[in-house]
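The primary structure of each chain is shown beneath.
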Amino acid sequence: MNVNIYRKIILLLVAGIFIFSGCDERETRVVIFHTNDSHSQLDHFPALAWLVNNEREKEEHVFLVSAGDIFSGNPMVDYYDPKGYPKIDLMNRAGYNVNTLGNHEFDYGLEVLADRMEQADFPFILANLNTAGSSLAQPDAFAILRAGRHRIAFLGLVQLNSQGIPSAHPDNMTGIEFFPPVETAGEYEYLTARADAVIGLTHHGFVSDTIMASRYPWFDVIIGGHSHTLTLEPEEYNGVLVTQAGSNMQYIGKVTLVFRGRELVEKSAVMIRTSGIEGADPEIAALVEMYNDNPALNRVIGRLAEPLKNKDELGIFITETYRKYGNFDFAFQNYGGIRVNSMKGDVRVRDIFRMDPFGNELVGMDLSYPELKRLIGNSLSSRNTPSVQIAGGTIEVHLAADRTVSDVKIFDLSGLELAAERKYSVAMPSYMASAFDFEREDQGTGMGIITAAVLIEHIEKNPDIGITYSTRSRIVQN
Amino acid sequence: MKVFVNDTGIDLFEGATVRDALNKYFASVLKRGEKDSGSRTGIIVYDQHGNRVMTDGSLSEDERIYFDPGT
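Computed from a predicted structure; not experimentally measured.

Conventions we followed
Sequence order as written defines the numbering, with residues in each chain counted from 1. Chain A is the first chain written and ligand 1 is the first ligand written, with later ones labelled in order. In keeping with the model being predicted, local features are shown solely for residues with a pLDDT of at least 70 and side-chain atom pairs are shown and tallied solely at 80 or more, while totals for entire chains, interfaces and linings include all residues. Just so you know, side-chain values use all the structure's heavy atoms and leave hydrogens and water out. To qualify as a helix, a DSSP run of H or I must reach at least 4 residues; to qualify as a strand, a run of E must reach at least 2; elements of each kind are numbered from the N terminus. Working definition: with a 1.4 Å probe on protein chains only, accessible area under 20% of the residue-type maximum means buried, over 50% means exposed, and in between means partly exposed. Residue contacts follow a heavy-atom distance rule, with two residues in contact if any of their heavy atoms lie within 4.5 Å. Only the protein chains shown count as covering a residue, and every accessible area follows the Shrake-Rupley method with a 1.4 Å probe. By salt bridge we mean one thing: a side-chain nitrogen of Lys or Arg within 4 Å of a carboxyl oxygen of Asp or Glu. Once two parts are brought into contact, the accessible area they lose, counted with a 1.4 Å probe and summed over both, makes up the buried area. As used in this structure description, the phrase polar contact means that two N or O atoms lie within 3.5 Å; if the pair is within protein, one of them must be able to donate a hydrogen and the other to accept it, and residues adjacent in sequence are counted only when both atoms belong to side chains. By the convention adopted, Pro, Cys, Tyr, Trp, Phe, Met, Ile, Leu, Val and Ala count as nonpolar, Lys, Arg, Asp and Glu as charged, and the other residues, Gly among them, as polar. When DSSP finds two or more bridges between two strands, those strands count as paired. Here an axis means a line fitted to C-alpha atoms, over the contact stretch when the element is a helix, while the angle between two N-to-C directions is reported on a 0 to 180 degree scale. Small angles under 35 degrees read as roughly parallel and large ones over 145 as roughly antiparallel, with 65 to 115 read as roughly perpendicular and the rest as oblique. In this description, one arc is meant: the one made by directions from the helix axis to the C-beta atoms. Classification of ring pairs rests on two measures: the distance between centres of Phe, Tyr or Trp rings, Trp counted by its six-membered ring, which must be within 6.5 Å, and the angle between planes, read as stacked under 30 degrees, edge-to-face over 60 and tilted in between. Handedness of a helix crossing follows the sense of rotation of the near helix relative to the far helix, less than a right angle counterclockwise being left-handed and clockwise being right-handed.

Visitor: Which residues make up the overall build of chain B, and what are the values?
Guide: On a plain count of helices and strands, chain B comes out with one helix and five strands. When the helices and strands of chain B are listed from N to C terminus, the series reads β-β-α-β-β-β. Among the 71 residues that make up chain B, the fraction classed as buried is 45%. Within chain B, contacts between residues at least 6 apart in sequence are counted, and of these 46% link residues at least 24 apart. Of the accessible surface of chain B, which amounts to about 3300 Å², a share of 49% is contributed by carbon and sulfur atoms.

Visitor: Could you give an account of the overall build of chain A, naming the residues involved and the relevant values?
Guide: A tally of helices and strands in chain A yields 14 helices and 26 strands. With the C-alpha coordinates of chain A rotated into their principal frame, the extents come out at 115 × 45 × 40 Å. Taken across its 478 residues, chain A has 57% of its residues classed as buried. Long-range pairs, those at least 24 residues apart, make up 73% of the contacts in chain A between residues at least 6 apart in sequence. Of the accessible surface of chain A, which amounts to about 20700 Å², a share of 49% is contributed by carbon and sulfur atoms.

Visitor: Quick rundown of the pattern of salt bridges? Include the residues and the values.
Guide: All names here are of chain A. Enumeration over the complete set of coordinates arrives at 20 salt bridges over all chains. One salt bridge connects E460 with R299, and the closest N-O pair in it is separated by 3.0 Å. Residue E460 is located in helix α14 (residues 451-461), and its partner R299 is located in the loop between α9 (282-292) and β16 (300-308); the two are separated by 161 residues in the primary sequence. Classification of E460 as partly exposed rests on a relative accessible area of 38%.

Visitor: Could you give an account of the interface of chain B and chain A, with specific residues and numbers?
Guide: Counting residues at the interface gives 23 residues for chain B, matched by 34 residues for chain A. Sorting the residues of chain B by area buried against chain A places F13(B), E14(B) and M54(B) first, and these three jointly supply 29% of that buried surface. Put simply, chain B and chain A have zero salt bridges between them. Counting across the interface, chain B meets chain A through twelve residue pairs in polar contact (both at pLDDT 80 or more). When residues of the side of chain B that touches chain A are traced back to their parent elements, those giving at least two are α1 (18-31) and β4 (52-53) of chain B. No other element matches α1(B), which puts seven residues into the side of chain B that touches chain A. Its residues assigned to classes, the side of chain B that touches chain A shows five nonpolar, eight polar and ten charged. Two strands pair when backbone bridges link them, and strand β11 (residues 229-230) of chain A and β4(B) are joined in this way by two bridges, in the antiparallel orientation. Looking across to β4(B), one finds that T229(A) is bridged to V53(B).

Visitor: Talk me through the sheet that holds strand β12 (residues 235-237) of chain A; I want residue IDs and the actual numbers.
Guide: Backbone hydrogen bonds are what pair the strands of a sheet, in a parallel or an antiparallel way. Residue and element names in this part refer to chain A. The six strands lie next to each other as β6-β7-β9-β10-β13-β12, forming an open sheet whose pairing is mixed. Two strands bound the open sheet, and with one partner strand each, they are β6 (142-147) and β12. With strand direction ignored, the average angle separating the axes of adjacent strands in the sheet is 30 degrees. Bridge analysis of strand β7 (residues 150-158) against strand β9 (residues 197-203) gives seven bridges, and the strand direction is parallel. By the bridge assignment, G156 is partnered in β9 with L201. Of the strands in this sheet, β7, β9, β10 (221-223), β12 and β13 (240-243) touch helix α8 (residues 206-215), which is tilted by about 175 degrees from β13.

Visitor: Give a detailed account of the packing of helix α10 (residues 311-325) of chain A against α14(A), specifying residues and quantitative values.
Guide: All names here are of chain A. Two numbers describe how α10 lies on α14: the axes approach to 10 Å, and their chain directions differ by 85 degrees. The pairing of α10 with α14 is recorded here as roughly perpendicular in orientation. Contacts from F317, I318, T321, Y322, K324 and Y325 of α10 reach α14 at T451, V454, L455, E457, H458 and I459. Along the lines of polarity and charge, the residues of the contact of α10 with α14 split into seven nonpolar, three polar and two charged.

Visitor: Outline helix α12 (residues 369-377) of chain A, listing residues and values.
Guide: When α12(A) is considered as a whole, its buried residues turn out to be Y369(A), E371(A), L372(A), L375(A) and I376(A). When α12(A) is viewed along its axis, its buried side chains cluster within an angular range of 160 degrees and face the same direction.

Visitor: Which residues make up the environment of F411(A), and what are the values?
Guide: Residue and element names in this part refer to chain A. Turning to its location among the elements, F411 is positioned in strand β22 (residues 405-412). Judged by relative accessible area, F411 falls into the buried class, the value being 14%. Sequence-wise, F411 and R472 are 61 residues apart; in three dimensions their C-alpha atoms are separated by 9.8 Å. Contacts of F411, omitting those with residues within four sequence positions, involve F330, G392, G393, T394, E396, L416, E417 and L418.

Visitor: Go over the packing of aromatic side chains, please, and point to the residues and values.
Guide: All names here are of chain A. Scanning the model with the defined rule gives 19 aromatic pairs over all chains in all. Geometrically, the ring pair formed by F122 and F124 is stacked, given 5.6 Å between the ring centres and 10 degrees between the ring planes. For the residue pair F122 and F124, the accessibility class agrees, reading buried in each case. Ring centres of F206 and Y237 lie 5.9 Å apart, and the angle between their planes is 80 degrees; on these two criteria the pair is classed as edge-to-face. Note that F206 is positioned in helix α8 and Y237 in strand β12, a separation of 31 residues in sequence. For Y237, a relative accessible area of 16% puts it in the buried group. An aromatic cluster of three or more residues is present, and its members are Y80, Y85 and Y291.

Visitor: Break down the environment of G109(A) for me, citing the residues and quoting the values.
Guide: Position of G109(A) among the secondary structure elements: in the loop between β3 (98-100) and α5 (110-119). The spatial distance from the C-alpha of G109(A) to the C-alpha of S368(A) is 34 Å, given a sequence separation of 259 residues.

Visitor: With reference to specific residues and values, describe the packing of helix α2 (residues 45-58) of chain A against α9(A).
Guide: Two numbers describe a pair of packed helices, the interaxial angle and the distance between the axes. Residue and element names in this part refer to chain A. Contact pair α2 / α9: the axes reach a minimum separation of 8 Å and the direction vectors enclose 160 degrees. If you check the angle between α2 and α9, you find them roughly antiparallel. Note on packing geometry: the crossing formed by α2 with α9 is right-handed. Where α2 approaches α9, its residues F45, P46 and A49 are matched on the opposing element by I284, A285 and V288. Looking at the contact of α2 with α9 residue by residue, the classes come out as six nonpolar, no polar and no charged.

Dropping the structure here:
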């Protein structure tokens, strides 16, 4: 009897020594599926859910995570009532475990963001912000997920632009203080003592991820977003595996961690092309179909007393709206970016996206008179007429006797020619800011809002739409 | 901000995407009277590490992207 007790005690002691000395050789596999910059995409959810559920049947520890920018980019979600609801619903059903707050998570405003965070069955994380001065509750900096006896830490970080905020409209982040992401990451080395693996779940672009890897080799993996980089063959930088899955859920990343005892002994990553996934979750497919038939897009937001009969008149409405949006001196719209020829009667959300389907961002910049002249001069058609509409003034194109352009003049609303020595605030779509090549000092700044949203926002506040028509450009034959 | 397309430096507004960089690049190619590469569709763009980048991806200061002008 006593011998048996002694044997048991000795066995327990040996087992204890074995475990605490780290000689436990049991292997644990952890699979982490990841998406980033899914931008309100819905159509790939049935395949994603099937893939993840299939893996969960085979593997014990399977996570699904998002590296930010789940919103903005699909009117079916962005104009759903309430905004963003379908995306979170589908993320809940697909079994997401955590999402980092990307810059576009702020696009709907703090109140809607708080509602969507409340709706989510998974946490939104972010380390480099302080929401104390705002209405948004402070999110956790990190999440620790349990995989059996292992703990995996995910640290959230978001990019900042030159104004020190994420690239979204500043009004949507009022009262929130942000801190540089890479420097902030350095404060979380202690996570290595609290978890068996530390993963950066970042939204600041691939270049910043590689910088973070070079500074902090204690990260095991960085799953990134923002630059829409597709790492078809993810590599290690300074021993840190850095991966990112493109955008719009066209690819799903899969990271596999293998632990032996408490030690992470293997890490690998692959990309899975979503269109190549052979199954689809039927329940989620039915929901996607329902959400894609969004009645909110048929919502009447305004009414035109008089029809806008051509692109000239549509351009006046568009540019006047841009101009009012940021109190700009001038606003421009290229006619090629207006995709309908007229509009009349009731105006629905869908009509605005039909007129302006390209997802251009509104860009603001300060231009001198010579720079404005170059903008117009470089945009003239073969008949020497401007290919842009203007708000805030009028344009004259002067032709010499041989019909070549001798000068371009711009006048303000009082009819005075612009002053050479001052700068004027100007708004235009991002297409013009990039594709219209005119020499200038200020390249401009994205306003954090797409032009279609500017128009919808304006019409919702001013539903009786009308324009005061006037000829805004003319040719002067000298 | 300045970014580089096929090692040619171009100035862009802050917040610009890969698509904006290509627009600007092609506009400057046309302005210089150089031979245009033709089709703009189906262009595959890579970063300096050889990773693919989607055309709606955000760019940051001094970033370098590449595409095969023959594509």
